[in-house]
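# Results of the structural survey
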Amino acid sequence: MTAYRYWLLKSEPLTYSIDDFASLGVDHWDGVRNYQARNFLKEMQVGDYAFFYHSNCKVPGVVGLARVVRAAYPDHTSFDKSSKYYDPKSSPDNPRWFMVDLEFVEKFGREASLTELKHQPALEDLRLVQRGNRLSVMPVTAKEAQCILRLCEASLV
DNA sequence: GCCAACGTTGGC
DNA sequence: GCCAACGTTGGC
């Protein structure tokens, strides 16, 4: 038996925002096309929590929380020629890319901006706040998760 | 819109 | 296997 873990997922709100996610309730997290991010995706387990982060927008930051409801399975958009995520090197027999299913948990009443996150000593090792970081799926330690939750005035209860 | 940082591609 | 060229990310 293992305790649940925490992750952070980036999304551009103009493409897919926390409100889009909230209105769906449960959704696939597809389109990850980076090997390091994919490897983290494959480590995600049912019950793990994932912070939802808005990137490439006016005020980037953590805006909500999700929970993993299905562990990694092949990302079918990589087989779909009409998808912008199509990858000819990925096939159903030998899938290269994976996705998980997430359930919306909450949109925080208070967001934790990137600027704010960068000022937290407890978060100095978080990939997100490090120089040149581009990873879209990353692990978050329990300590870091508590810090983010506190900034968002939220708790898991 | 700019541009630094990073990942990937492909010639050699 | 090196590395220049290119494409993308994402903060500012």
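The structure under discussion appears in the preceding block.
These lines cover the structure that appears in this document, whether it is placed above or below. (Residues numbered from 1 in each chain as written. Chains lettered and ligands numbered in written order. Predicted model: local features only at pLDDT ≥ 70, side-chain atom pairs only at ≥ 80, totals over all residues. Heavy atoms only, no water.)

## A word on the protein's contact with DNA strand C
Looking at DNA strand C, the residues that line it are Lys10, Tyr53, Ser55, Asn56, Pro60, Leu114, Lys118, Asn133 and Arg134. Residue Lys10 places a side-chain N or O atom 2.8 Å away from a phosphate oxygen belonging to DNA strand C. One of the side-chain nitrogen or oxygen atoms of Arg134 is found 3.1 Å away from a base oxygen of DNA strand C. Residue composition of the surface near DNA strand C, by class: three nonpolar, three polar and three charged. (Near = heavy atom within 4 Å. Polar contact = N/O pair within 3.5 Å; in protein donor to acceptor, adjacent residues only side chain to side chain. Nonpolar A, V, L, I, M, F, W, Y, C, P; charged D, E, K, R; others polar.)

## Observations concerning the sheet that holds strand S4 (residues 61–74)
Here six strands make up an open sheet; going across it, the order is S2-S5-S4-S3-S1-S6 and the pairing mixed. What marks the edges here is a single partner per strand, and that holds for strand S2 (26–29) and strand S6 (137–140). Neighbour-to-neighbour, the strand axes of this sheet turn through a mean angle of 40°, independent of strand direction. Bridge count between S2 and strand S5 (residues 98–113): four bridges; the pairing is antiparallel. Bridging from a neighbouring strand, His28 pairs with Asp101 of S5. Against the sheet, helix H4 (residues 142–151) makes contact with strand S1 (6–11), strand S3 (49–54), S4, S5 and S6, and its axis sits at roughly 95° relative to S6, the strand it touches most. (Pairing = 2+ DSSP bridges. Helix = DSSP H or I, 4+ residues; strand = E, 2+ residues; numbered from the N terminus. Axes fitted to C-alpha atoms, helices over the stretch in contact; angles between N-to-C directions. Contact = heavy atoms within 4.5 Å.)

## Things to note about the side chain of Ser113
Summarising the element assignment, Ser113 is placed in strand S5. Sequence-distant contacts of Ser113, that is, excluding residues within four places in its chain, are made with Val59, Pro60 and Gly61.

## Digging into unusual backbone geometry
The residue Asn56 is not glycine, and still its phi comes out positive at about 55°. Structurally, the position occupied by Asn56 is in the loop between S3 and S4. A relative accessible area of 60% places Asn56 in the exposed class. At Glu153, a residue that is not glycine, the phi angle is positive and equals roughly 55°. With respect to the helices and strands, Glu153 occurs in the segment after H4. (Buried < 20%, exposed > 50% of the residue type's maximum accessible area, 1.4 Å probe, protein only.)

## A closer look at the side chain of Asn133
With respect to the secondary-structure elements, Asn133 resides in the loop between helix H3 (114–118) and S6. Sequence-distant contacts of Asn133, that is, excluding residues within four places in its chain, are made with Lys10, Arg127, Leu128 and Met138.

## Some details on the environment of Gly109
Tracing the sequence through the fold places Gly109 in strand S5. Gly109 sits in the exposed class, given a relative accessible area of 84%.

## Details of the pairing of S1
Along S1, six of the six residues are buried, which leaves the element largely enclosed by surrounding structure. Covered by surrounding structure in S1 are Tyr6, Leu8 and Lys10 together with Trp7, Leu9 and Ser11, the residues of both alternating faces. Sheet analysis places S1 next to S3, joined by six bridges and oriented parallel. Residue Ser11 lies in a different strand from S3, and its bridge partner there is His54. Both S1 and S6 contribute to a ladder of four bridges, which runs antiparallel. Across the sheet, residue Tyr6 finds its bridge partner in S6, namely Val140.

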